[in-house]
Structure formats: structure tokens, C-alpha cells
Amino acid sequence: MNYYTIKNNQRINLLDIPTLELDALRARLAASNLRPLSFFGCDWGENVKLFVALADDEKGEILLTSSLINKNIKEYESITKDNPQYHMFEREFYEQFNIEPKGHPWLKPVRKNQDDYKFFEMEGEATHQVAVGPIHAGVIEPGHFRFMCQGEKVYNLEIMLGYQHRGCEDLMVKNPSNQLAESICGDSVIAYNMAYSQIMEELSDTKISTKAKLIRRIALEMERCAIHIGDMGAILGDIAYLMGKEVYAVTRTLVINTMLEISGSRFGRGLITFGGVNFDIDKEMSDKIISVLDGVKKTVNKMTKAVFKSATVMSRFEKTGTVSRETAQELNLVGLMGRACGLELDSRFDFCDEFYKDFERKPFKATNDAYSRFRIRYKETIDSISYIKKLLNKLENYKDEEIKVEAKNLIPNSFALSIVEGWRGELVHIATTDETGKLTRYKIKDPSFNNWYGLSMAVRGNGISDFPLCNKGFDLSYCGFDL
Amino acid sequence: MFDTLKMKLWQKNQFIPDIQNAPMRTAFRGLPKLDNSKCNNCGECAKICPTGALNVNPLSIDLGKCTLCGKCKRFCENHAIDFTNYYKLGADKREKLIITEEMTPEEYNKKAIEIRKEIYSIFNRSIKFRQVSAGGCNGCEMELNAAGNANFDMGRFGIDFVASARHADGIVVTGPISKNMAYALEDCYKSCPDPKVVVLCGACAISGGIFQNSQELNREFIDKYKIDLYIPGCPTHPLTFINAVLDFIRKK
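Residues numbered from 1 in each chain as written. Chains lettered and ligands numbered in written order. Predicted model: local features only at pLDDT ≥ 70, side-chain atom pairs only at ≥ 80, totals over all residues. Heavy atoms only, no water.

**Let's talk about the environment of Q96 of chain A**
- Within the secondary structure, Q96 of chain A sits in helix α2 (residues 87–97).
- Distance in space between the C-alpha atoms of Q96 of chain A and E326 of chain A is 30 Å, their sequence separation being 230 residues. (Helix = DSSP H or I, 4+ residues; strand = E, 2+ residues; numbered from the N terminus.)

Dropping the structure here:
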């Protein structure tokens, strides 16, 4: 047996995961057509253990395997050569454990040693470099972009990140808390906290109430709805369509202020906790959410109609920053950006969530450009609003349940995995415990980890002035990547 | 074009008219309200506080560390700790952020930010900032962006974020200052023309917040340069930010 098959949110014994020889594992991964979910090392006494999780999206299963790497082994044959989906994972593994994937085409640093790195260079007539960052013109997170241009046309964009690195994975092992999980990526508070709480509940076999599960999903959809509306405004701000920018911004305020009324924080901080949720949604609040969302839906529909009718907007949107479906698949783009490029990946439905299975999974006709990235946000906003209403209806049936149960101790020698579809896409948290029931490794994979390279591909061949439009369309996380 | 104009009529006016007395929803967790008479000094709340902001005997909460998560309030069976919805949390000295029982909203408002004549005479009620995210989680950044939107519209008070430190009167720092950002932050500070102010925004920037024990931080900047304004919160609410800056640049 080469793989151990599990479902999403499942705890298993750490020793149940098969251990292969490194060469055998390498050959298997290079030939596999399943996409990698996570690929990470873990200190194993003096040695290093490499864990790999693969996703079988059609069956809704997760395949686990591992390999024990002796402390004397300092290199292995790179998998990326045969299967480019592993390029970021291998770079990260090399940086964290100093075991070199030999023959990796581009072993550049992920989060450390940025100062020594030499960027790609291009020579010739009218060629030049444009360096942007780490501090940007807007109020956003730090990252460095290096454009290689000829005239105004971008030939290549190199992205250097790592400025936000705060050592979140180590902190999570030493002192895990809901507050830390929320602060890893402040625009996906609910998604991160939900993934963390689910992991801890699996590891300790804590069974939370259906009511708490429903409230978590309502909050998750509200977060998705709020951020998508805000992003639509930000995209329009970058092409100087200011009416759209402001209308979407104030519409977003309505959603996050409702979140404030539920949880005391505009982004839902403090709502979810290990063992359930801290705040209830009663009938009165439920009616209020529905009435706010009805108003929001009306405004979003009206505004989006006006946007699509505007010739100046459409001329900037159409055919800008195209990423083909084949490229997206090769790079393993996930979530929102994957869907905008025609990859039907949505972990809410792929990894069968009990509450989403009755919901209709509406298809999206991708055009792969900036227009596609705007339209998918509009579509998902409207979908989310309808999901929230259905979830609130369901909540009625469970109104007498407790919202919180006592958290238990973690079970020793366990491995648990949790996938949450945040607004950017699949967020994967994995945790392992030792023989005393303490956390030994906490691995986080944000969807941005897959998708940053997609942005590089999108701006290739476009004018440099279209970069803000592409960047905002992707709207990837710096801190979720840097950890 | 007519559709775009119609949206303006549909939206009407969205701004908050009186930003210094804007109502806040009751659920918001703002200035703590402590009650020593109900506290039995068990000290359990101090142990569960994720950032170590809480101290007992007598009770005090350090807003520079507090993430306003409300865990202590839910935990305390004697209800000795509560949070009001008072949002004007900015202060000009680090030690003023330590809240004790005596600190009511009125008292805090009076003491927190003192008038500095030179600030008024130099900036004359308008101040432009350069924001540096030094390891921030995008929470404070999103809220600072929101402070400029049509609801809060801080531009009408002469407060703005500008694109370059060269154009700025001061810098606003968010995030716990990661090692990888320490150099860029200092560079940005030096690029800003004198006289300049430094504002720390959010619990992470003020004390390291939830990341204070991380090995990947470099907080020398905070010790090296004078900090003019501390604005707590996790993340800082737009009203907290705007009111703190308005109090800071006021004449009387």
C-alpha cells in the first residue's frame, strides 16, 4: 500500500501513513496526475520525515504518503523537473530543511535571504527593469516586483516575497491559540480560524454542535461576500472608475458592520473558538442579516449592470492578463483564480461538506482574463447570499442547541488535516502531535502559495500599466504566503 | 454614463456627518471597564490572555498588547472585566495605554492625547501619512483603506495617505516589524522630510501583539525613534484612527 486515503477533517494515527523509500516516492509523485495539496518536512528525531498529501477532487479523497529521509542525505532528484506543480513546495522544503532537490529549474528563496538574490536580467535595445516595493504606493502589504520590460511591454515579472515572515508555523506549535490563527492572514479571519478550530477538534475528538457548524459556515460565506464586494470596488479603483469603487466600498461596509453586530469585530474576530462559536445568531439577528443582504444584493446587481454597460471599463477588462486553462492546470492554480481560468475546483463541494451538498453548484463560464476575474466575484457574491439565506433557514431547526462545548486534550501520535474554502480558495491546515499529545508540526498552505506564479504569467505580454488591474484581480495574500 | 450617474442618486449621501461623535454599535469591544470589587484575584484571566495584556491585583489591561478578543470577559465568572463600545483609544504615551479601574471613557478622553502647540503650528490641521506595513496581517491595512472610503472619508479633514515618503509629514506603522522589513521601514523613515511624526497603529505595531514571542521580529526601530501617537486595536477601527489623528493635530 502506497497511499493512505482519508476524507477532509479526519484524524488518523501518525503511524498509519505508509513510509516509502525517497526514490520510490519521487517516481510515484512525478508520474501521478493528482495535484499536490501539501508537501512538507517534519523533524523526526535526528532525521526528517517528508509528508505528502494529494487531492483526488473527483472522489473527494485525500491521499497521504511519507518518506523518512536520513540525516546524512542532503539531496534528492527534483520532482519539479517532471511535474511543475511541485515547484513552490520543493523550494519551501529546501529552505526549511536544507535538503536540495537536485536539478530543480529555479531554486530561488521563498521567504529568506532576499538581499543576495540575483533577479533574471534581459539585455537589448529599449529593454529596462522596473523595481517596485517592498513598500508600495497604496496601503497594502509588502512585496517586491521586478519587471523586465521592452518599452511598455512586460516580458517577465519576478515576484520576491518573504517580507512579512513572522514565523507563524513555529508560534503555532509553541503556543497555539484562536487569536494567533486569526492574525496569520487578517483578510481571511474566519477561514483561518475555522481551519485551526477544525484541526484541534479532530485532534482531540471534540464533537461540536450542528448549530456551531452552521454559524461558522454563515460567517465564512459572509466573509466571502464582503471581500468579493470590496475587491470589485478595488479593481474598478485601479482603472479609475471611481463611482464603482465607492459604491462597492460602502456596500461592503454594510456586510462587515453586520458581522460587527454578531461578533464585536468587523472581520469576525473572536467569533469562532476551539469547541464551537462564542456568539449566537438568534431569530432577530437572522432577520437582520437577511434584510441587510437583500439590500446589498440589490445594490450589487444595479452597480454591476452599470459597470458591464460602461465601454471604458470593458475595454480595459477584456483580453487583459489572460492565463490559459492549460497553464493554470500546469501551475496548480486553485480556488477563485483557478475557477476564473476554467478549473472547476471548489473544496466546499469537492470534499463533500455536509451542509453544502444540497446546494446547487452553479457553473461559471470562464474567459480567463480580467473580465473573468471580475465576473466570478460577482457570481460568487450572489451565490454566497443565497447560501447564507439557506443556512439561516436551517439554523432555525437547531436553535435550542448549545453553541460551545468543552475543549478536550489532544490525542497523542495523531495527524489531522483540514481544508476550508476561504474566499481565495482552498486553505489547507495540517497538524501532528507527539506521544505526549503536544503539537509537533503545524503546516499552513494558503491558496496564494499556488497562485502567486499565476500573476507572473498573467502580466506577460501585457502593458505594464495593466499590472495593477491584474494584481488586484488576483488579490493574493502576502502574509498568508510569508507566514 | 447615465447608469453611472443614476447610481449616485441611488446611493445618496453615505458619509458620517459628525465623525467625532459618531455612534458605535454596542457589540463593539472598545475601552475596557474593570471592577476590582468583583475580582477575587484568582489570576486565571491573566493566564489565558493570549498576549499577556492583563494583570490582576489591581486589575489592569494594557491596550498596547490587548487584541480586544474578549476572552477574559467571557472567562471571568464574577464579571469583573467588561468592554465598553468607546472607540477613541489613541494615546500619545505608551504608559497611558495601561487601563485601570479609574479609567472611565470621559477620563481617558481628557488625558489620552495632549495638545502639542508645535504640531498645530507645523501641520496646521492637515497631515499626510506614508503607511508602512511591517509584517501586518492586512487587517489594519484594510481598515486604514476603509478610513478613506465614502463612509468615513478622512480626506475631508485633511488626513490622507500619500504614495511616497517624500511627500509625507509622517509614517504610520502597522504590523509587528518582521526582520525582513526592518531595513525598509527605517529607510522609509529616513526618506521622510523633517519635521516628521511616527504613528503606531494596532496592537502588533505597539508591542508585537500576538507575535511578541516570535524569533523573526526586529523591533529596534521602536526603541530608536520617538513615537508620537499610539492607536490600539486589532485591527484598529477606522473611527479610532481618524479620531486619534484629529485629536493629535487639534488646536484646542
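**Section: the sheet that holds strand β5 (residues 98–100) of chain B**
- Strand order in the open sheet made by the three strands is β2-β3-β5 (chain B), with antiparallel pairing throughout. This sheet does not close on itself; its edge strands, each paired only once, are β2 (54–55) and β5 of chain B. (Pairing = 2+ DSSP bridges.)

**Some points on the packing of helix α6 (residues 210–238) of chain A against helix α8 (residues 283–309) of chain A**
Residue and element names in this part refer to chain A.
- In the contact formed by α6 and α8, the axes pass within 12 Å of each other and the chain directions differ by 25 degrees. It follows that α6 is roughly parallel to α8 by the angle criterion. Viewed along their axes, α6 and α8 form a crossing whose handedness is left-handed. Residues M222, C225, I229, M232 and L236 of α6 lie in contact with α8, whose contacting residues are I289, L293, V296, V300 and V307. (Axes fitted to C-alpha atoms, helices over the stretch in contact; angles between N-to-C directions. Parallel < 35°, antiparallel > 145°, perpendicular 65-115°, else oblique. Left-handed = near helix turned anticlockwise from the far one by under 90°. Contact = heavy atoms within 4.5 Å.)

**As for the nonpolar core**
- Core analysis: the largest hydrophobic core is formed by 89 residues, its most contacted members being L236, Y248, I281, I289 and F317 of chain A.
- Sort the elements by how many residues they give to this core and α6 of chain A lands first, with 14 residues.
- Setting aside residues no more than four positions away along its own chain, I289 of chain A makes contact with M222, T258, I262, I281, I388 and L392 of chain A.
- Core analysis: the second largest hydrophobic core is formed by 86 residues, A112, F123, I127 and F241 of chain B among them. (Core = buried A, V, L, I, M, F, W, Y, C linked by side-chain atoms within 4.5 Å. Buried < 20%, exposed > 50% of the residue type's maximum accessible area, 1.4 Å probe, protein only.)

**Focus on the interface of chain A and chain B**
- Facing 57 residues of chain A, the contacting portion of chain B comprises 56 residues.
- Taken together, both faces of the contact between chain A and chain B bury some 4,600 Å²; the carbon and sulfur share is 61%.
- Taken together, the links from chain A to chain B amount to three salt bridges.
- In this structure, the salt-bridge partner of E143 of chain B is R266 of chain A, at a minimum N-O distance of 2.7 Å.
- Taken together, the connections running from chain A to chain B amount to 22 residue pairs in polar contact (both at pLDDT 80 or more).
- Elements that contribute at least two residues to the side of chain A that touches chain B include exactly α3 (168–174), α4 (178–184), α7 (242–263) and α8 of chain A.
- Sorting elements by how many residues they give to the side of chain A that touches chain B places α7 of chain A first, with 11 residues. (Buried area = accessible area lost by both parts, 1.4 Å probe. Salt bridge = Lys/Arg side-chain N within 4 Å of Asp/Glu carboxyl O. Polar contact = N/O pair within 3.5 Å; in protein donor to acceptor, adjacent residues only side chain to side chain.)

**Focus: the pattern of salt bridges**
- Scanning the model with the defined rule gives 51 salt bridges over all chains in all.
- Between K128 of chain B and D160 of chain B there is a salt bridge, with its nearest N and O atoms 3.2 Å apart. Linking K128 of chain B in strand β6 (residues 127–133) with D160 of chain B in strand β7 (residues 159–161), this pair joins segments that are 32 residues apart in sequence.
- Overlapping salt bridges bring together E221, R224, R339, D346, R348, E380 and E421 of chain A as one network.

**Overview of the packing of aromatic side chains**
All names here are of chain A.
- Under the definition given, this model contains 33 aromatic pairs over all chains.
- On the numbers, 5.3 Å between centres and 80 degrees between planes, the contact of Y117 with F119 is edge-to-face. Accessibility classification places Y117 together with F119 in one group, the buried group.
- Ring pairs connect the aromatic residues F39, Y76, Y86, F89, F93, F97, F449 and F481, which therefore count as one cluster.
- Taking NZ or CZ as reference, K49 lies 4.4 Å from the ring centre of W44, over its face. (Phe/Tyr/Trp six-rings, centres within 6.5 Å; stacked < 30°, edge-to-face > 60°. Lys NZ or Arg CZ within 6 Å of the ring centre and 35° of its normal.)

**Observations concerning the domain arrangement of chain A**
Residues and elements named next belong to chain A.
- Each assigned domain of chain A is listed here: domain 1 (4–102) and domain 2 (168–445).
- On a C-alpha basis, the centres of domain 1 and domain 2 stand 28 Å from each other.
- Between domain 1 and domain 2, the residue contacts involve 31 residues of the former and 27 residues of the latter.
- Interface area for domain 1 against domain 2, summed over the two sides, is near 2,600 Å², with a carbon-plus-sulfur share of 58%. (Domains from an automatic or database assignment.)

**Here we look at the sheet that holds strand β2 (residues 10–13) of chain A**
Residues and elements named next belong to chain A.
- The four strands are arranged β2-β14-β15-β16 in an open sheet whose pairing can be described as antiparallel. Strand pairing shows two members of the sheet lacking a second neighbour, β2 and β16 (439–445), which therefore form its edges. For this sheet, the mean inter-axis angle between neighbouring strands, taken without regard to orientation, is 15 degrees.
- Here strand β14 (residues 414–421) pairs with strand β15 (residues 426–433) via seven bridges, running antiparallel. By the bridge assignment, I419 is partnered in β15 with V428.

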